[in-house]
Structure formats: structure tokens, C-alpha cells
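So the chains spell out like this:
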Amino acid sequence: MAIALVLVLIVVGSVLFHFLSPWWWTPIASNWDYIDNTIIITFWITGAVFAAVVLFMAYCVFRFRHREGNRAAYEPENKRLESWLTIVTAVGVTSLLVPGLFVWSRFVTVPSDATEIEVIGQQWQWSFRLPGKDGKLGTSDTRDVSADNPLGVIPGDPNGQDDVVVEAADLHLPVGKPVKVLLRSIDVLHDFYIPEFRAKMDMIPGSVTYFWFTPTRTGSFQVLCAELCGQGHPLMHGMVMVDTEQDYLAWLGQQQTFAQLSTPQKTGSADQTPDRTMPSGLKVAAQLETVGSR
Amino acid sequence: MVDVTPADAVPPAEVGEMELYHPHSWWTKYVFSQDAKVIAIQYSATATSIGLVALVLSWLMRLQLGFPGTFDFITPEAYYQFITMHGMIMVIYLLTALFLGGFGNYLIPLMVGARDMVFPYVNMLSYWIYLLAVLVLVSSFFAPGGPTGAGWTLYPPQAIMSGTPGGQDWGIILMLSSLILFIIGFTMGGLNYVVTVLQGRTRGMTMMRLPLTVWGIFTATVMALLAFPALFVACVMMLLDRTLGTSFFMPAISEMGEQLPHNGGSPILFQHLFWFFGHPEVYIVALPAFGIVSDLISTHARKNIFGYRMMVWAIVGIGALSFVVWAHHMYVSGMNPYFGFFFATTTLIIAVPTAIKVYNWVLTLWRGDIHLTIPMLFALAFIVTFVNGGLTGLFLGNVVVDVPLSDTMFVVAHFHMVMGVAPIIVVFGAIYHWYPKVTGRMLDETLGRFHFWVTFLGAYLIFFPMHYLGLMGVPRRYAELTDMTIMTESAHHLNSFISIMAFIVGFAQMVFLFNLIWSIRHGREAGGNPWRATTLEWQTPQTPPAHGNFGKDLPIVYRWAYDYSVPGAKEDFIPQNVPGAFAPSREPA
Amino acid sequence: MSVILVFLLVIAGFAGWWLSHQRLTAKPWLEQGLASDIVDFDRSALPTAKIGLGVFLAVVGCLFSLFTSAYFMRMAVSDWQPLPLPRLLWLNTGVLVLSSVALQCAVFAARKGQIDNVRLGLATAGLTALAFLVGQLVAWQQLTEDGYLLSANPANSFFYLITGMHGLHILGGLIGLGRTTAGAWNGVRPQRLRLSVELCAMYWHFLLFVWLAIFALLAGWAATFIDICRQLLT
């Protein structure tokens, strides 16, 4: 008997937990509220099914529990009931799938006015590259990665010379402008994930993946790595600042291009250190070293 | 009702006596035994032992997550080794081995009315190779550098690189070798299970008279035979990448400023191979559970399983569909995004037959005569956890919803609920149900109820709130949850709560183990058919069944497995081997 | 992954054909008390061992289909450089065909009860299969000497991997063949001998088929063939 009561309590408790608990998604900061809406639809439909099934079960257990002299009914099947249940389920599933696929087609269709930026993951830090004045990113190759060229930009490509290189520092983005994020890794799989933006995608060494979004509010957002990439995985944080247009341009003006970085340092630019709020990969590695030797 | 055929009008079964190897010594009877029942117990004992290791590993992980920074010995390196071994052991070496090697070996010959598996010698080899695989796996704990910490998915390139524990040491090599051995051993066993169902069935046991347990295990084994080769291929190729420097999966890599010799390989290729195995694997674990739970519900509700035909079709349909959904594990892997449309559709379609199964379980309860025995309690708990986990699968299978949720704690909560807790709960229910047949004694009722309540409620309290951590964006596989802006103070408290629950639930399993051992000697005598069940394993002349299972003559089957509460019959059950359309003439032995 | 999916479709065809003979739409609860009139649905008339081997060959087929799938997917990357196949492989193919023919002769002989011919066939098959394996090793050696090392290019890696896997399967088959041959000399029951010879032949023919398929794959004909098919479709 206790089980019937517990089943009811599980449904009531789960629903109350859903509405009352403080654990919920972070306030959204991108255009992907479509995704949030799809999740809400899914919660309603699945929640209703869960409650219905478990409550029905609780009722059965209570009503048809064994008592002396009871005998079960004999009913091998019921074609009509089964067909109806199948149809209702199919309708429910379709109503989840169709909005989902609509939003997915938006997700994979990048608007033509999106600015391309590149995110490069490596163990265990984030770097970024923005197209320079020509609006084009130069090509890249992992084989060209070296101490002077940490992102592996192909030196001979004229498109790459004016690219803005942000190595292991914070990325700034202007608010309200769609961005196509090209993702690249020079060692293992990583995943560029900012919970507030909802979107994420793996980066695969040897190929370039992408996703797009439009930041909708200013602020600073933490980047997390969402694909296991070795021991430093949980420490692979980064920071993206969404700025107003003026702030963004001011920040952009302070950045160095690939050509500037690869020519021998001239006076005046040497004292410009990028503004970092997060540890770089080598620092993470050093931190792990100390943890390991504890 | 169809005409009654008198029992003596049926010609004797034309089943040729199987060539059984009768044991001559203690060694061949209990160690190198070819008796499927002994092999089943060997499989189960080995799987349970290694499963206990995985349980302890989960405790260690929860110590770190629940109380970060408190336990110095859990370094990030150790943490990743714990999660990897925990996942791999639970999925492959515990659940797959227990359902197919354990329950499959014990139940298939008994339920289809065979004396043994069709190839007993190969069956014995299967166990010993499995044991070898387990030993190789365990040896990696003692190898230099420790076991691999690549995550149970073993994604290259990181799995074989120095930034991952065991990647450039012995860990990954032993892991891959162990998997290769496991697959070879499993294939030997799997051939037996499939061919025994095809060819070993006794007179009158048509496919549509099989208990759903056999249908579930049979379909799961067919799937496993076709899916494990994908893992085999992936393991062999990765082993070559690691040891001989080939570039199947390894692209050009600049690791910490150093160029590695590999070139051009495709990490995505590995993911395709891995999930081509990995998704069917989910159903390889789930289908036997589906089958077993159907039989538990039917027996203990004293009612035939509702919609038997639908249940069979659903099992076959799920088995077939599960081969075309694999890439839903790869929505954010960077594969061609247009695949998402196809795989989201197939994934959501598979929800329909799965839902039908749930409805039929619940409808079996309707107007039943529900005995709230421990197996029945576990079956009810299975429906709750499985429905919960299945429904969150609709989030993750719907490609765009998966984007924010993938690789977060939501995924962890989902798959633990649906393929961790739910199948394990069925395993418990099944053990309480069949233990009397295996040992001749009942498990202790009080300890059993304690075990049930703590396990069911505890597991629900662990994994239900965990979904909401994932919704917040907390990623999985994080050895440290510090320095994260999304982690609120209360989220850390929730993590501590989950960890404490994990310890309590783990402790309850020790009670269960105690019960298993204690009841062998001290349990109540069970008799041959304590649950008054219809299927053939309960009709054996001896309990526990002797070698050869059915004494001199094999049983002849006259009816399906679910003749409970048949109108007009005296008893509320009619065993499958009782002739005639009405009441059984005598009590079964 | 298209090769493996096509392979699974074939398997699904077999499974569907078999299931369609199991009266899946019957209502078993209406067939109470009957055993005799549905006896035909119990099992297949084929020997159990043959069915077991058939299932095993399906698994082996699955394995090689997966290797083929991986081969095609890896081939699409630009660093792929096909290697020239040693001419010796043609000779090896001939030897393997001979091995299969010899075993088939042994099968015919076993059916007629000509024990001497069975022995001859088995011995020939065993020796030619061994010769095939030696030939494969020589081919490996030639390639290595010509500088086509295992890790130099994915095409080389796949060549060694797939031929190696096939060789291992032949080696496994030789154990079974060895036992059968020993049985043929030690006077095992004729019926039993006939079954083992038939099983060996079945395995041999399948591995010959696999060899021809992977030979076509490694020589590049399979890729050309698929290209032609693709052009016809579009």
C-alpha cells in the first residue's frame, strides 16, 4: 500500500521541485530563446505524460491490490485502445519534433550579414582571431603552429596578415550583431560553450566547425569547455565580453594583427599586454603539476 | 477457445537427446563447467564483483563533486580515471555481461525447454575469455600511470595523448585490449543464446509462445552480435594509432608546442564507429530489462501481459530502429549539421514503440490481482524511473534541445536514470524473483524491502535533481566545479546532497549482498514454484534444476507463457506444459 | 557508414523473412492446449551447427563491412595515397580459390562416403590455405621493402589491417580444418565427418568471398564502382 502513496508523492514532489526549486537555467543572452521555448514545450508534454502514467499506476496499485478471493480480469489485448494510444503518442511526439526541427533549421542557417570570428581551442586555453579590415580570415594549418605563430595562420596568405589575433585573452563582441563562430582546435576535441548563449559546438582538430548567434545583452560571460579534453578540462575557462559598439571599437583598436605579431617587436607595442582575466593554458598545466605532486 | 487435444494423443517430442558433457570431477562441475546454469552464476558473480569496484569508484567521484577540495588524494587525474572506469565497467562489464551472460545463460535454456545451450563448450570458453577481459581491465589499475582517464567514450585524439591519464602509458592499451577480448568472448556466448532460441526450443514452443524475457534477451543478443564489431573495429584501429603510429583517427596535432607525427586522421570516424555500437548498446541493456519486467508484472499481478503481440513487435521494432539513430549522440560533434534532421526524426520515432511498451505494462496492472511482492515493487519502480529517463530522452533526442543540454549534467542524469537505475532495478527484481529457483530458498523479506525502498527513493533523489544542474549549464566530466560563474552556492549544496544520497544508496547494496549470501543457507525453503508462475523454468523436477534441466523427458508446451486467471480454470495460473484448455489436473512438481 | 547499413539491410531481410514464418500475428492465447498442429514452427531442419556458423559468418561479415565503411570514410581525406598492390596477390587469390575448390570436392566426396577423397580434399585445402597465408606474408614483406610502411599513409595502414584481419580469420579456420582432418584420419562417424567438412567448406567459401571483396576494395575497383553507381543515380 505504501507504494501507491509514494508514487503519488513522487509525482507531486517532482512537479513542486520543478516549479519551486532555485535551480533553473541562466538568464539568456543570445537570440536562441527559440531553444528555451522548445524546452518549455517539451517540459509540458513530457511532464503531463509522466504524471499521467505514474498516477494511473498508483491508482491501479491501490484499487487492484491483492485481497483474499480476488481474481484478475482476463484480457489478452484491446486493439482499439492500443491503436488510440499509439496515435496519441505519435501526435505528441510529432508536436515535439516539428518545432524542434524548425528551430534547428534556423540554427544551421547562418544569416548572410553575420561576422565571422574564429575560436581556437588548445590544451587548455581559448584564443580568438577576428578578420581584419578586409573582412576575411586567412587560412590556417595546424602544421604551421609554432611559438611565434600560436594559432597556425598560414604566413603566406595575404588575407591573414591583417587578422586580429587574441591569444589566451578575453574576446569582445559588439551587442546585437550576428556572429558566425568558426571553431578550430590544434590538439584534441574541445567544445566552445557559454551557458548564457545556449549554443555550443565541438571543435575538431583537422577541420573547422561552426555555429552562429546574436548576443542580445551586454555583460561578461564565462566560456566553458564542454568536451573532455584531458586533465585540465575543468580549468579551461575563458571570457567573452559583450560590449556596446563604442566599447567594442575601443577594444578592437588596442589589439594586434597577425602581421604585427609575427614581425620583430618594435618600440611602443612591446608593453601592450592583453587584458586577461583567466589563466592561460600553461598556467593551467602548472597548476595541475602542483596538484599532481601533492 | 480451440478444441482440446488430449495429452496422450500428442506424439512424443522428436527432440534428439543433446550431447551433454556430464561432469566427472569437482573441477568440471563447478569451475570448467559446460552447464549453462553454472556459467550463468560464474558470469553473474564476476560481473557483480567488478560492479562493486565501479560502485566504489562512483563514491570517490561523488566525494570530489559533493565536497570539492576536501579530499586531496582525488586529483583531476584520478578523478578522470574514476569516471572512465566507472562508466566502462557499469555499461559493458556489469550490465551487458549480467543481462546476457548471467540471465541469458540461466534463463534461455530453462525457459525454452532445452537441456542446455546448443554449444556448451563454446559457452564455457565465452566465460573464461570474459574473465580474462575483466582481469586485463583490473590490471590497468596497477599498471604504471594507472587506468585510462579518457572518459568511457574514449574519444581520440585525447584518449591516446599525454594530457589524458593513461594516454601515453599502459592504461589505454589495456583498456582497448580488454574490450577486444570482451567482444571475442561475448560473440561466443551470443552465438549460443541466439542459436539456442532458434534451435533449442522444445516441442510446441513456438516463437509466439516464448516468454517476453526470452524475446528481450534474444533480440538484444542479435543486436549485440551486430553492434559489437563496430567497437571492435574502433578499438583495433585506435590500438594501432597508439602503438604503431598510424593515423586512422589522429589528425595533425600540435600538442603543447610540439608537432605529433600523425596526419589527416578523422576523430569523427571514431565517433561514428563508437556510437554505431554505443546506441544499440543502450537497447542491448534495455531490451532484456523490458522482457524481464514484463514477466515480473504479469506473474505478480496474476494477469496475462496486456497486448503480447504488440510487445513482441515493439521489441523487434526497437531493435531494428536502434541501428539508425546512432548519430543523435553527435549532434554537437561538428558532423554535417543536416544529419540532425534525419537522426532527430528516427530518434523520436523510436519513442513510439517504447511508449507502447510502457502503456502495456501499466495496462497489465489494470484489473489485475496485484501482489505487492518485492519483485513487483521493483517492477513498479522500474516503470517510474524508466518513464522518467525515457521522457528526458525526448529532450536530448530533439536535436535543437540537445544543443544547450548536451555534455551537461542533464545528460548524466538522463542516462543514469534510463540505462543505469532502471535496468539495475530490473536486475534486483529479477534476482528476488529467480533466486528461489537458483538456490531453492527465498531471499529475506525484511532486508529486501529495506533494500528496495532505499534504492528506489535514493536513486530517484540522486538523479532527478541532477537534471536541473544540467539545465543551469553545469558541464559533465568536471573534476572541479569551482571558479564557475553559473554555479550558485545552492547548486553546490545540491551536489553535496546528491553525494550523501549516493553513499546511502551504495550502503543499501551491501545489505543486498549480505542478503544474497545469508539466504543461501538461512532463507525460507521456496519449493519448486513459489510464485505460482507458468513458465517452464518453474516446472523443473528438481529445484535448483539439475544438469540437463528437465529430468528424463523434455516438457511439451501446450500454451503461451501468460495463462494467468484464465476464466474457467480452477487455479489462477496454468503452466505452459499442462495440456488441455482448462484447469491443470495436478499441481506442478 | 553506407556499406555497413547496406549489409545490415541484407541481414534485416533475412531476419524479416524468418520472422514472417513465425506467425507473428497469431493470437497465442487462443491456441491453448495444442502442441501437434504447430510443430512445423518449432525450428529449422538445418543442422544446428550450420545455423550457428551462419550466425557467426553474419558477425564476420559485419566486421568487414565496418572496416570497409571506415576505409571509405578515411579515404575522403586529402592525404590518402593509394599504394600499388603487389602482383603476388593475384597468385594468392588463385591459391585461395583452389583451397575452396578442394574443400568443395571434399564435401562431394563426403556425401558419397569416399573417405580417401575426403582426406585428399582436406589436405589439399589445408596446404593451399597455408600457402595463401605465406603468400600474404611475402606480399607484406615486398611492400615493406618498397617503402610502403604501415604508418606512412592511411592507405597502407588499411591494407595491412584488413589483410591481417582476413589472415587471422583464415588462421582460425585452419584450426577447425585441422580438427576435421584429424577426424578424417581417425575414423570419426561418417555423418559427423560430413557435417564438419560441410561446415569447413561453408566457412572457406565465405572467407573467399570476403577476400574477393576486400581485394576489389584495396585495388580501388570498389571505389570506382561506387562512383559509377553514384553518377548513374544523379
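1. As for the overall build of chain B
In step 1: Counting its secondary structure elements, chain B contains 14 helices and two strands.
In step 2: Put simply, chain B has 589 residues, and 68% of those count as buried.
In step 3: Long-range pairs, those at least 24 residues apart, make up 80% of the contacts in chain B between residues at least 6 apart in sequence.

2. Overview of the sheet that holds strand S8 (residues 209–213) of chain A
Residues and elements named next belong to chain A.
In step 1: On the basis of which strands lie adjacent, the open sheet formed by five strands has the order S3-S2-S1-S5-S8 and mixed pairing. The sheet terminates laterally at strand S3 (164–166) and S8, the two strands that pair on one side only. Each strand of the sheet is rotated relative to its neighbour by a mean of 25 degrees, with strand direction disregarded.

3. A word on the domain arrangement of chain A
All names here are of chain A.
In step 1: Here chain A is described as being made up of domain 1 (2–64 + 79–108) and domain 2 (115–279).
In step 2: Distance between the C-alpha centres of domain 1 and domain 2: 39 Å.
In step 3: Between domain 1 and domain 2, the contact holds eight residues from the first and 13 residues from the second.
In step 4: Its residues placed into classes, the side of domain 1 that touches domain 2 shows five nonpolar, three polar and no charged.

4. What about unusual backbone geometry?
Residue and element names in this part refer to chain B.
In step 1: The amide bond that connects proline 156 to the next residue, proline 157, takes the cis arrangement and shows omega of 0 degrees.
In step 2: In this fold, proline 157 is placed in the loop between helix H4 (120–139) and helix H5 (171–199).
In step 3: Between threonine 543 and proline 544 the backbone carries a cis peptide bond, its omega angle lying at -5 degrees.
In step 4: One non-glycine residue, arginine 367, lies in positive phi territory at about 55 degrees.
In step 5: The residue arginine 367 is located in the loop between helix H9 (339–365) and helix H10 (374–397) in this model.
In step 6: A count of 19 C-beta atoms within 10 Å places arginine 367 in the partly exposed class.
In step 7: In this model, arginine 477 sits at a positive phi of 55 degrees, which is unusual for a non-glycine residue.

5. A few points about the pairing of strand S6 (residues 190–193) of chain A
Residues and elements named next belong to chain A.
In step 1: Alternating positions in S6 separate into two faces, His190 and Phe192 on one and Asp191 and Tyr193 on the other, with burial throughout.
In step 2: For S6 and strand S7 (residues 200–203), the ladder comprises four bridges, and the chain directions are antiparallel. From the neighbouring strand, phenylalanine 192 faces S7, where its bridge partner is methionine 201.
In step 3: Taking the residues between adjacent antiparallel strands as the criterion, S6 and S7 are bridged by six residues, where arginine 198 takes a positive phi near 70 degrees.

So, how was this worked out
- Residues numbered from 1 in each chain as written.
- Chains lettered and ligands numbered in written order.
- Predicted model: local features only at pLDDT ≥ 70, side-chain atom pairs only at ≥ 80, totals over all residues.
- Helix = DSSP H or I, 4+ residues; strand = E, 2+ residues; numbered from the N terminus.
- Buried ≥ 20, exposed ≤ 12 C-beta atoms within 10 Å, placed from the backbone.
- Contact = placed C-beta atoms within 7 Å.
- Pairing = 2+ DSSP bridges.
- Axes fitted to C-alpha atoms, helices over the stretch in contact; angles between N-to-C directions.
- Domains from an automatic or database assignment.
- Nonpolar A, V, L, I, M, F, W, Y, C, P; charged D, E, K, R; others polar.

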